[in-house]
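Structure at a glance
Residue-level listing of the chains:
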Amino acid sequence: MTSPPIVLRLSGITKRFGPLVANDSISLTLHKGEVLALLGENGAGKTTLMNILFGHYVADEGSIEAFGQPLPPGSPRAALAAGIGMVHQHFTLADNLSVLDNIAVGTESLWRPRSDRAAAKAKLLDLARRFGLEVRPDTLVGDLSVGERQRAEILKALYRDARVLILDEPTAVLTPQESASLFDTLRRLTADGLAVVFISHKMNEVFAASDTVAVLRGGRLVATRRTAETDREELAELMVGRALKPPTPAPLEPGEPVLTLSGVTVASGHGRPLLDGVDLTVRRRQIVGIAGVSGNGQTALAELVSGLIHPDSGTMALKGEAIGNAEPAEMVRRGVARIPEDRHAAGLVGAMAVWENLIAERYHDPAFQRFGLIRRGAARAYAEEVIEAFDVRCPGPDARTQLLSGGNMQKLILGRTLAHGPDLILASQPTRGLDVGAVSYVHGRLLEARAAGAGVLLISEDLDEILALADGITVAHHGRLTPVLPHGRVSVRQLGLLMAGHWEILPEIVDAA
Amino acid sequence: MELFQTILDILVSAAFWTAVLRIATPYILGTLGELLCERAGVLNLGIEGIMTMGAMAGWMAVYQGADLWTGVLVAALCGGLMGLLHATLTVPLGLSQHVAGIGVTLLGTSLSYFVYRLVLPQASTPPTVEPFQPLDLPGALAQTPMTYMALILVAVVAYVLYRTPVGLAVRMVGENPAAAEAQGLSVTAVRVGAVVAGSALMALAGAFLTLSAFNAFFFNMVNGRGWICIALVVFASWRPGKALLGALLFAAFDALQLRLQQVAGGVLPYQLFLMMPYLLSILALVLVARRASYPRALMIPYRKGER
């Protein structure tokens, strides 16, 4: 049997952003009717590679051939003309325009005196029928669900007669049901002779949807495998570069309390209070996990411990000292370190340099300022140390923070948080959106901090994470917290019931413990 | 009660509506021009200077012997050139649209005065030209050709924006330039084109002042009309039809206050009446524009390949 013809050939693609090598001499081939999964951690260079293919970036070295013809670099127009369509992770759709406008823009000569909307609509509906992609052409994109937007993006590529479809992390924003429907669509497309590249860092998707998998690590192509001939363990090891072991917290004797909340209530201004009579103690050498469906007071708890909001009644104490209405800076000075829930919004300033972000909480420290002037030399030297110690992959302390991948941003925050031995670490969703390697790194660091004597308050919607790390677990529901239940004495089923508000089962758990 | 009767009398007079259309014309043209720039994502604060430039250049061409329509064309070309300057600074170079726009206004204004003085160093009373005459039509329809041109241009801009591929491209680069790029469009070319065309329209607004409403060029004659156009664009929610409505409304307030000054000028200081159109337009902005869905990429420079 002959293999299907090659539709796309990438040869020796290299791309540098300043001193950072995002793609290092990558060569790949794609065949007609094939689904190729591009697997790799955040920052491995997957998206960069696809952006080069689609002409958003120009490669420094290497060439691309589509259907036997060389593809001119740096031109999305040329890529479209060659039959390459791309569905970006952050959709490139205009919210204020209709689906049809979004799809039709740029497909007609700009100097035509009138758009042929009727023909465009007919073609779109015909495509939608052929591939089973439901669409509402005249609806504004802003009114569509995320799944519908993705369908619109795929139709946009098909409308351009794409024969190669690139999908950048297509399932990141989808519900499990929407993902399954997307994979159905991909199968219909390949049955029609299209070739698909999809970028992912999720193992289960690779096995659900791909024929071939290419693994990228640190900008290099480390392996290409038939999906049927590999397994999760091998791929995970290729992706991360080493075998991953689950974290194993060593049993430690908790020390004195670092955080004590007694009867803390925070009103919301309307209806149910954000926090309702919360009692909680976190001790040194202890990780207390807050489980719960989001929106049950976790955010308020994090803001309270950060000093952003203050209790309306009840008291909060740090290391045995009562805290009045301390502001965030005061809390930092007292030894509270934060890993914020949203690293982009509340963690880092993307437009500022790495070193500036690293001293953002301590710029007034005499180590970093003299007579009100920043001691840049000292700050940079400190940044070098943190980058080294926390393995932040970046060109250097002067790099703009937004150039870093999600995992490296989180390492940067960890570095800022953990570098001076805090007493209490507030970790809100510390691994949300990170790949396996970065998750394992963050967990390891939190466990190290615990061993070094810090208390950790871990707020997470990921129950597996809490079960893997926490010494004690409490469940948040409607602004209240259950007593801290020792790890190992509570089952996943019981936690689920508590999360849903069935607190009547508490006595039996506490009695058993 | 008496005031009410006075206002009613004014509103039913043909002379009032003639004035409204005349006063509205530069606002219609200027607002259309600004709207076109902003629809492509570029705020053009150069409007005041570009209008001054259009007023001077159009008038000067006619004063030097060109016919009126050639003067209009010269004004549009000069406006287009000023627009090209603003577009170069803000689109390929990606500079702050606010700063570049204010620079263009300062440059356009002073350059106009400079050229005027260079050609006419001595003139103490401004020399005049023979301007456009009102068409021989009944009542409020007796307007100069430039007013009719402005009304036609409203329809043209609306048609281009909503019915042609190039208009869709303009709206797309103003909403999501990355999406436009991904569809193979050149964001730079579309934005530069829209700013040049919009600026030409602004210059026509200026030319109307010297070739139609008056017959001479004098300093400070644009007198903040450009800034009003910026507000009218917001009032119009970036739609040409509503821009026409806004310009007419503003002109009606202005015409009304002029007449009220004559009637009630003895009782109330005239400055109060001068304030009226501006106060009312602020009020209209508050009421109408809060829900406006502005072009999402307005004032955001687009740099290709940036992440």
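Residues numbered from 1 in each chain as written. Chains lettered and ligands numbered in written order. Predicted model: local features only at pLDDT ≥ 70, side-chain atom pairs only at ≥ 80, totals over all residues.

A closer look at the overall build of chain A
Helices and strands together make up the secondary structure of chain A, namely 18 helices and 23 strands. Relative to its length of 513 residues, chain A is compact, with a C-alpha radius of gyration of 26 Å against a globular reference of 24 Å. Over its C-alpha atoms, taken along the principal directions, chain A stretches across nearly 70 × 55 × 50 Å. Within chain A, buried positions represent 45% of all 513 residues. (Helix = DSSP H or I, 4+ residues; strand = E, 2+ residues; numbered from the N terminus. Rg over C-alpha atoms; globule rule 2.2 N^0.38 Å. Buried ≥ 20, exposed ≤ 12 C-beta atoms within 10 Å, placed from the backbone.)

Looking at the overall build of chain B
Helices and strands together make up the secondary structure of chain B, namely 12 helices and 0 strands. Element order for chain B, N to C, with α for helix and β for strand: α-α-α-α-α-α-α-α-α-α-α-α. At 20 Å, chain B has a C-alpha radius of gyration in line with the 19 Å of a compact globule built from 307 residues. Expressed as lengths along the three principal axes of its C-alpha atoms, the size of chain B is roughly 65 × 50 × 35 Å. Here chain B holds 307 residues, and the buried ones make up 48% of them. Residue pairs in contact within chain B that sit at least 24 positions apart in sequence constitute 79% of those at least 6 positions apart. (Contact = placed C-beta atoms within 7 Å.)

Remarks on the interface of chain A and chain B
Taken together, the 24 residues of chain A in the interface contact 21 residues of chain B. For the side of chain A that touches chain B, the elements supplying multiple residues, two or more each, are helix H2 (76-81) and helix H3 (99-104) of chain A. The leading source of residues in the side of chain A that touches chain B is H2 of chain A, at 3 residues.

Description of the packing of helix H10 (residues 225-235) of chain B against helix H12 (residues 270-288) of chain B
Residue and element names in this part refer to chain B. Close contact between H10 and H12 brings their axes to 9 Å; oriented N to C, the two are set at 25 degrees. One finds that H10 runs roughly parallel with respect to H12. H10 and H12 meet at a crossing whose hand is left-handed. Facing Ile228, Ala231, Val234 and Phe235 of H10, the residues of H12 in contact are Ser281, Ala284, Leu285 and Val288. Class assignment of the residues belonging to the contact of H10 with H12 gives a composition of 7 nonpolar, 1 polar and no charged. (Axes fitted to C-alpha atoms, helices over the stretch in contact; angles between N-to-C directions. Parallel < 35°, antiparallel > 145°, perpendicular 65-115°, else oblique. Left-handed = near helix turned anticlockwise from the far one by under 90°. Nonpolar A, V, L, I, M, F, W, Y, C, P; charged D, E, K, R; others polar.)

Some points on the packing of helix H3 (residues 47-63) of chain B against H10 of chain B
Between two packed helices, the angle of one axis relative to the other and the distance separating the axes together describe the packing. All names here are of chain B. Interhelical geometry of H3 versus H10 gives an angle of 130 degrees and a closest axis separation of 7 Å. Taken together, the axes of H3 and H10 lie oblique to each other. You can see that H3 and H10 cross each other, and the crossing is right-handed. Note on element contacts: H10 touches H3 through Arg225, Gly226, Trp227, Cys229 and Ile230, opposite Ile47, Glu48 and Met51. Considered class by class, the residues forming the contact of H3 with H10 number 5 nonpolar, 1 polar and 2 charged.

Observations regarding the environment of alanine 205 of chain B
Residues and elements named next belong to chain B. With respect to the secondary-structure elements, alanine 205 resides in helix H9 (residues 187-213). Owing to 31 C-beta atoms within 10 Å, alanine 205 belongs among the buried residues under this scheme. Separated by 174 residues in sequence, alanine 205 and threonine 31 have C-alpha atoms that sit 9.1 Å apart. Setting aside residues no more than four positions away along its own chain, alanine 205 makes contact with Pro26, Leu29, Gly30, Gly33, Met51 and Gly54.

Observations concerning the UniProt feature "transmembrane region" (unreviewed entry) in chain B
On the UniProt side, "transmembrane region" (unreviewed entry) is annotated at positions that read residues 6-29, 41-62, 68-87, 99-120, 140-162, 192-211 and 272-289 of chain B here. A helix fraction of 78% and a strand fraction of 0% characterise residues 140-162 of chain B, whose end C-alpha atoms lie 30 Å from each other. (UniProt positions renumbered as here; feature names shortened; annotations may be inferred.)

As for the pairing of strand S19 (residues 424-428) of chain A
Within a regular beta strand, the side chains point alternately toward one face of the sheet and then the other, so they alternate between its two faces. Residues and elements named next belong to chain A. Burial of S19 is extensive: 5 of the 5 residues sit out of reach of the surface. In terms of strand pairing, strand S16 (residues 336-339) meets S19 through 4 bridges, oriented parallel. Residue pairing across strands places valine 336 opposite leucine 424, the latter belonging to S19. In the sheet, S19 pairs with strand S20 (residues 455-459) via 5 bridges, with the strands oriented parallel. Its bridge partner lying in S20, leucine 424 is registered against glycine 455. (Pairing = 2+ DSSP bridges.)

Observations regarding the domain arrangement of chain A
Residues and elements named next belong to chain A. Assigned domains of chain A: these are domain 1 (6-94 + 148-240), domain 2 (257-335 + 422-512) and domain 3 (347-420). Spacing between the C-alpha centres of domain 1 and domain 3 amounts to 33 Å. In this complex, domain 1 contributes 7 residues to the contact, which on the side of domain 3 involves 7 residues. Grouping the amino acids of the side of domain 1 that touches domain 3 by side-chain chemistry returns 3 nonpolar, 3 polar and 1 charged. (Domains from an automatic or database assignment.)

Describing the sheet that holds strand S1 (residues 6-17) of chain A
Residues and elements named next belong to chain A. The strand order S2-S1-S4-S5 describes an open sheet built from 4 strands, whose pairing is antiparallel. Of all the strands in the sheet, the pair left with one neighbour each is strand S2 (20-31) and strand S5 (69-70). Bridge analysis of S1 against strand S4 (residues 61-66) gives 5 bridges, and the strand direction is antiparallel. Residue pairing for S4: arginine 9 is matched across the bridge by glutamate 65.

Details of the pairing of strand S6 (residues 84-87) of chain A
Residue and element names in this part refer to chain A. Every second residue of S6 is oriented toward a common face, with Ile84 and Met86 on one face and Gly85 and Val87 on the other, all of them buried. Pairing between S6 and strand S7 (residues 164-168): 4 bridges, direction parallel. Looking across to S7, one finds that glycine 85 is bridged to leucine 165.

So, unusual backbone geometry
The phi dihedral of serine 25 of chain A is positive, around 50 degrees, even though this residue is not glycine. Classification of serine 25 of chain A as partly exposed rests on a count of 14 C-beta atoms within 10 Å. Not every positive phi belongs to a glycine, and tryptophan 238 of chain B is a case in point at roughly 60 degrees. Among the secondary structure elements, tryptophan 238 of chain B is positioned in the loop between H10 and helix H11 (240-264). Residue classification places tryptophan 238 of chain B among the buried residues on the basis of 23 C-beta atoms within 10 Å.

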